[in-house]
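Residue-level structural notes
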Amino acid sequence: MKYLKPALIAASVLFILSVTAILGTYFYIKSDLPSVDILKDVRLQTPMRIYSQDGKLISQYGVKRRIPLTLEQIPDMLEHAVIATEDSRFYDHPGIDPIGMMRAFINLVTTGEKGQGGSTLTMQMARDFFLTREKKYIRKIREIIIAWHMEQLLTKQEILELYLNKVELGHRSFGFGAAARVYYGKSLNELNLAQIATIAGLPQSPSVLNPISRPDRSVVRRRIVLLRMLDEGYINQQQFDQAANAPVTAKKYGAEIELDAPYLADTIYNEMIELYGKDEAETGGYKVFATVTSDMQKAAQDAVRQNLHDYDERHGYHGPEKMVWNSNVENNSISTDVSEQQPNKPLSESEMLTILKNHPTFEPLEPAIVVKVNEKDIIIFNQQGKYSVIDWDGLDWARPFINDAKQGAEPKVASDILQEGALILIRKRAEDAHWQLAQFPQASSAFVALNPKDGGVQAVIGGYSFYQSQFNRATQAKRQVGSNIKPFIYSAALDNGFTLASVINDAPITQWQAGSGNAWRPENSPAEYDGPIRMRVALSKSKNVVSVRLLRAVGLENVVEYLPRFGFDKDEIPKDETLSLGSGSHTPLEVATAMAAIANGGFLIEPHFIQRIEDEYGKPIWVSNPPLACDPCVADVVQPAEINPDDIEALLAAEFEIDKPVETPDKEVLQAPRVISAENAFLVAEMMRSAVQINGHWDNRGTGWRTALLLKRDDVAGKTGTTNDVRDTWFSGYTPNLVATAWVGFDDNNRRLGRTTRNQNLVNKNPTKFNYIGNALIGSEAGALAAQPTWIRFMKEALADKPEHLLPMPTNLVKVRIDKSSGKLTDRTDNTSMFEYFIDGTQPVVYATDAEVIESSEKGELNNQQLEDIF
């Protein structure tokens, strides 16, 4: 005991000297210390989150995961756990805890080791904001000084809130809001005591104490936290016993993606980087809301994927991914990969699961192994460790693929297709959710939909799978547009004296190339020629030679100058007559933007993907204000709320306009530039409506006639597109409120979409379908077959609950009865005549003679009901 008093005196003297040294050091290094003023405006490096317009999370960008919370949003139990464990005297000290520091100092003197003790929450905050975790004396002195300054500027509540949001907690989670999501997939207020104690114990060493990487050490640390809470009186013994003995329930959770739209997310992410720079975009906590709604995006994705599977399956099966064991079945017609030596007997379930889990694939495809082949079905083992049956309906499409233009014999039994031990891909059938044999489509596709009134993108699909190819074909792929260019050629013709009733000669063209002895001979597809034909009919049937003749009549240079009105880059417009057939290359987004100018009555809108941007607290910091397709443009006036008839004071105030607010628009209404007249847009739209109709007779059908049968709407217009060598196929169409473009082709631009032959198995399933469109399914893949089904499937969903809406006829248009053959006036009211639209002053003034009238044929009339189930 006689040595205790001198020791304590010596320790106290040393402590006083240390404090004096700290104060001296403070004045010495004061000018070098970082200012803590920035803590008043601290940014928490919160990731950027991208949402659909209706609030579904699409993606999250940023290395650090953080979910900022106010102190009021943080459960009291977590606050108690952290304070009890990290700094039990937090509310009693000024940022520096002399008692804790003395304890750490004595430990240093007695053991010679620098321990963890002595750091308050405020000191930890000082270290995390400004310093490193290195254990040096000068760092500790800086930490103490900054902590003291922080306590002068911030309240205890502000310091605690910053700590709970900023502290690192492992697996890239920062702050307890993010940790709750990462480890438990829940919000903080959904955690139980055991889970709260687990994450409250992480700040000391998140890499080795977290319940995913080291569950054993996590349990020990959890017990320490619970003991501290018990000692401080925050929990009772029963709560302690229950939480201390609870099982470890943590597992790694990613961001809760609610809408799969990676091409859209990537586009918005790149725009945000352009706006704010990479670091700020990924750490500024921005909440970005897209113009896309979740239902539209999902409808587009489902339509693209289903159509690619339909195309791919028409052209045959490429065989299984590989063989995982060799069965005794000999079948030389089955394509297998036996490059590696395979066992000759079936694998165990655990062996199969290992193979399946390691096999790469992309949604919605899943790998499976064939374990049994019956006559008309197979039994498979999937990634979930379950057995399923694929019936004949899910197999009978799989005749062998030979090349893009040729398929092998139709399978008769399941063994014609597969054998036991084959690793295959499967997918759920859209119509009944049963499993079907599948393969990754070799063809590619893109789809984009716009609001033609303001340019807001309603859906965008850049390919089958973003995780297989990040190339966004909707916004980046420049592909020849084929006949999708024709509506704009016809628009130029209308501006140069032509009318919908103008007659052009649909006859072969031979253009000799001067000095070469070669000739350019554009052909119709199919190579059928109708002779003199009205312009409306020519566009609906997509007559190539008529498009060439219109280009010549308007003048090549005039058309080249005309097309940029629709947003096409003039430098990318061909300067020769192939322009009239769509030899120019443009992206699907550019084509959809151009089509929107026809759909909205003549205005060039600006496509955009972002509807608004909010800060990390949900406050809007930017809201889109795109130019609108309107003339005149009038701001929306907010209608006054309905008044309760029993509220006498409100009724009197309304009657005498007492305290009536001044109604002012929140933002300036911008008008999109008019690029063609309303009359021109209306007339082109009329021709494009004919292109998606049967027009009474089979021989008069437009190239997009399936639209009329499947959508049964009068406000739809569209245009197919196919390049001469069938490397690119398109369908673009619209209503006045929605415009969309679909493209199908191969990424390898040298590869043609090919031809397909009749599959009798599919014919037997649906004879009506093949009797009436078999000619389209047996032959070349054109835009009407390869691309249009995507558009139809999307529109069926997008327009399901939308009433029909036709743009009103411009006042400068008139309707007169014309003869269908000559385009001249007629008095006849039979099937040789029809009403046609004209800009006033351009209507015909000469009547057709009896010799010019050709009786319409009634042959080929269709029963629409027979084509109900085409798709």
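Quick look at the structure, then. The shown structure was predicted, so the numbers you read here are calculated from the model rather than taken from an experiment.

Some details on the overall build of the protein chain
Across its full length, the protein chain holds 27 helices and 28 strands. Burial statistics for the protein chain: of 871 residues in total, 50% are counted as buried. As displayed, the protein chain offers around 40900 Å² of accessible surface, 51% of which is attributable to carbon and sulfur atoms.

Topic: the sheet that holds strand β12 (residues 444-450)
To summarise the sheet geometry, strands pair through backbone hydrogen bonds and adopt either a parallel or an antiparallel arrangement. Reading across from one edge, β13-β12-β24-β23-β22 is the order of the five strands in this open sheet, with antiparallel pairing throughout. Each end of this open sheet is capped by a strand with a single partner; those strands are β13 (457-461) and β22 (717-722). Between one strand and the next, the sheet's axes are offset by a mean angle of 5°, whatever the strand orientation. Sheet topology note: the β22/strand β23 (residues 728-735) ladder contains six bridges and is antiparallel.

Thoughts on the state of the cysteines
Applying the stated criterion across every chain yields a total of one disulfide. Each sulfur of the disulfide joining Cys630 and Cys633 lies 1.7 Å from the other. Disulfide Cys630 to Cys633: torsion about the S-S bond roughly 95°, handedness right-handed. In this structure Cys630 comes out as buried when scored by relative accessible area, which is 16%.

Considering the packing of helix α7 (residues 176-184) against helix α8 (residues 193-200)
Packing of α7 against α8 brings their axes to within 11 Å, and their N-to-C directions diverge by 115°. For the element pair α7 and α8, the recorded crossing hand is right-handed. Across from Phe176, Ala179, Tyr183 and Tyr184 in α7, the residues of α8 making contact are Gln195, Thr198, Ile199 and Ala200. For the contact of α7 with α8, the residue count by class is six nonpolar, two polar and no charged.

Brief notes about the packing of aromatic side chains
Applying the stated criterion to the full structure yields 17 aromatic pairs. Pairing Tyr263 with Phe466 gives two aromatic rings, centres 5.1 Å apart and planes at 85°, and the pair type is edge-to-face. With Tyr263 in helix α12 (residues 262-276) and Phe466 in the loop between β13 and β14 (479-480), this pair connects stretches of sequence that are 203 residues apart. Note on accessibility: Tyr263 and Phe466 belong to one class, buried. One aromatic cluster in this structure is built from Phe488, Tyr562, Phe566 and Phe568. The residue whose ring lies beneath Lys156 is Phe90, and the NZ or CZ to ring-centre distance is 4.5 Å. The ring centre of Trp512 lies 5.4 Å from the NZ or CZ of Arg521, which sits over that ring.

Topic: the side chain of Asn484
Locating Asn484 in the fold gives a position in the loop between β14 and α16 (486-494). With relative accessibility at 1%, the residue Asn484 sits in the buried group. Reaching out from Asn484, the side chain makes a polar contact with the backbone oxygen of Lys719 at a distance of 3.0 Å.

Here we look at the pairing of strand β10 (residues 422-428)
Burial analysis of β10 places six of its seven residues in the buried class, which makes it a mostly covered element. Two strands pair when backbone bridges link them, and strand β5 (residues 366-373) and β10 are joined in this way by four bridges, in the antiparallel orientation. The residue bridging Ile369 from the neighbouring strand is Leu423, located in β10. Across four bridges, β10 lies against strand β11 (residues 435-438) in antiparallel orientation.

Observations concerning α8
The element α8 is extensively covered by neighbouring structure, given that eight of its eight residues are classed as buried. Three or more residues of α8 are buried, namely Leu193, Ala194, Gln195, Ile196, Ala197, Thr198, Ile199 and Ala200. Where α8 is buried, its residues contact α2 (76-86), α7, α10 (215-231) and α11 (237-244). Here α8 starts with a cap whose side-chain oxygen sits 3.2 Å from the backbone nitrogen of Ala194, and that cap is Asn192.

A closer look at the pattern of salt bridges
Under the definition given, this model contains 31 salt bridges. A salt bridge links Lys298 to Asp302, with the shortest nitrogen-to-oxygen separation between them at 2.8 Å. Taken as a pair, Lys298 and Asp302 lie in helix α14 (residues 294-314) at a separation of four residues, close to a single helical turn. Under the relative-accessibility criterion, Asp302 is labelled partly exposed at 38%. Close ionic contact of Arg429 with Asp432 constitutes a salt bridge, the shortest N to O distance being 2.9 Å. The class for Arg429 is buried, based on a relative accessible area of 5%. Put simply, Asp506, Asp530, Lys541 and Lys543 are held in one network by salt bridges that share partners.

A closer look at the sheet that holds strand β1 (residues 48-51)
Pairing is mixed in the open sheet, where five strands are placed in the order β2-β1-β3-β20-β21. Here the strands that pair on one side only, and so sit at the sheet edges, are β2 (57-61) and β21 (620-623). Pairs of neighbouring strands in the sheet enclose a mean axial angle of 20°, with direction left out of account. Where strand β20 (residues 610-614) and β21 come together, three bridges link them in antiparallel fashion.

A few points about the packing of α16 against helix α22 (residues 678-690)
Helix packing geometry: the angle between the two helix axes and the distance between the axes. Contact geometry for α16 and α22: axes closest at 10 Å, N-to-C directions at 135°. Here α16 is positioned oblique relative to α22, judged by the angle of their axes. Judged by the twist between their axes, the crossing of α16 over α22 is right-handed. Each of Pro487, Tyr490, Ser491 and Leu494 in α16 lies in contact with α22, whose residues at this interface are Asn680, Leu683, Val684, Met687 and Met688. Taken together, the residues of the contact of α16 with α22 break down into seven nonpolar, two polar and no charged.

Let's talk about a nonpolar patch on the surface
Judged by side-chain polarity, Ile9, Val13 and Leu17 come together as a nonpolar surface patch covering roughly 270 Å² of accessible area. In this fold, Val13 is placed in helix α1 (residues 4-29). Residue class for Val13 comes out partly exposed when judged on its relative accessible area of 42%.

A short note on the nonpolar core
Here is a general trend for soluble globular proteins: nonpolar side chains tend to be buried in one another's company. If you look at the biggest cluster of nonpolar residues, it comprises 81 residues, and the most contacted ones within it are Ile50, Leu264, Ile268, Met272, Val288, Phe488 and Tyr490. Ranked by residues supplied to this core, first place goes to helix α20 (residues 588-599) with nine residues. Each residue touching Ile268, except ones within four places of it in the same chain, is listed here: Ile50, Val288, Ala290, Phe609 and Ile610. By size, the runner-up hydrophobic cluster in this structure holds 51 residues, among which are Phe129, Ala194, Ile199 and Ala200.

Structural notes on α20
An ideal rise of 1.5 Å per residue puts 16 Å on 12 residues; α20 measures up with 16 Å between its terminal C-alpha atoms. For α20, the buried fraction is high: 11 of the 12 residues fall into the buried class. Three or more residues of α20 are buried, namely Pro588, Leu589, Val591, Ala592, Thr593, Ala594, Met595, Ala596, Ala597, Ile598 and Ala599. Tucked inside the fold, the buried residues of α20 contact β12, α16, β19 (585-586), α22, β23 and β24 (738-745). Note on α20: the residue one or two positions beyond its end, Gly601, has a positive phi of about 95°.

Conventions and cut-offs
Residues numbered from 1 in each chain as written. Predicted model: local features only at pLDDT ≥ 70, side-chain atom pairs only at ≥ 80, totals over all residues. Heavy atoms only, no water. Helix = DSSP H or I, 4+ residues; strand = E, 2+ residues; numbered from the N terminus. Buried < 20%, exposed > 50% of the residue type's maximum accessible area, 1.4 Å probe, protein only. Areas by Shrake-Rupley, 256 points an atom, 1.4 Å probe, with all protein chains shown as cover. Pairing = 2+ DSSP bridges. Axes fitted to C-alpha atoms, helices over the stretch in contact; angles between N-to-C directions. Disulfide = S-S within 2.5 Å. Left-handed = near helix turned anticlockwise from the far one by under 90°. Contact = heavy atoms within 4.5 Å. Nonpolar A, V, L, I, M, F, W, Y, C, P; charged D, E, K, R; others polar. Phe/Tyr/Trp six-rings, centres within 6.5 Å; stacked < 30°, edge-to-face > 60°. Lys NZ or Arg CZ within 6 Å of the ring centre and 35° of its normal. Polar contact = N/O pair within 3.5 Å; in protein donor to acceptor, adjacent residues only side chain to side chain. Salt bridge = Lys/Arg side-chain N within 4 Å of Asp/Glu carboxyl O. Parallel < 35°, antiparallel > 145°, perpendicular 65-115°, else oblique. Patch = residues over 30% accessible without salt bridge, like charges linked within 9 Å, V, L, I, M, F, W, Y side chains within 5 Å. Core = buried A, V, L, I, M, F, W, Y, C linked by side-chain atoms within 4.5 Å. Expected span 1.5 Å × (residues − 1).

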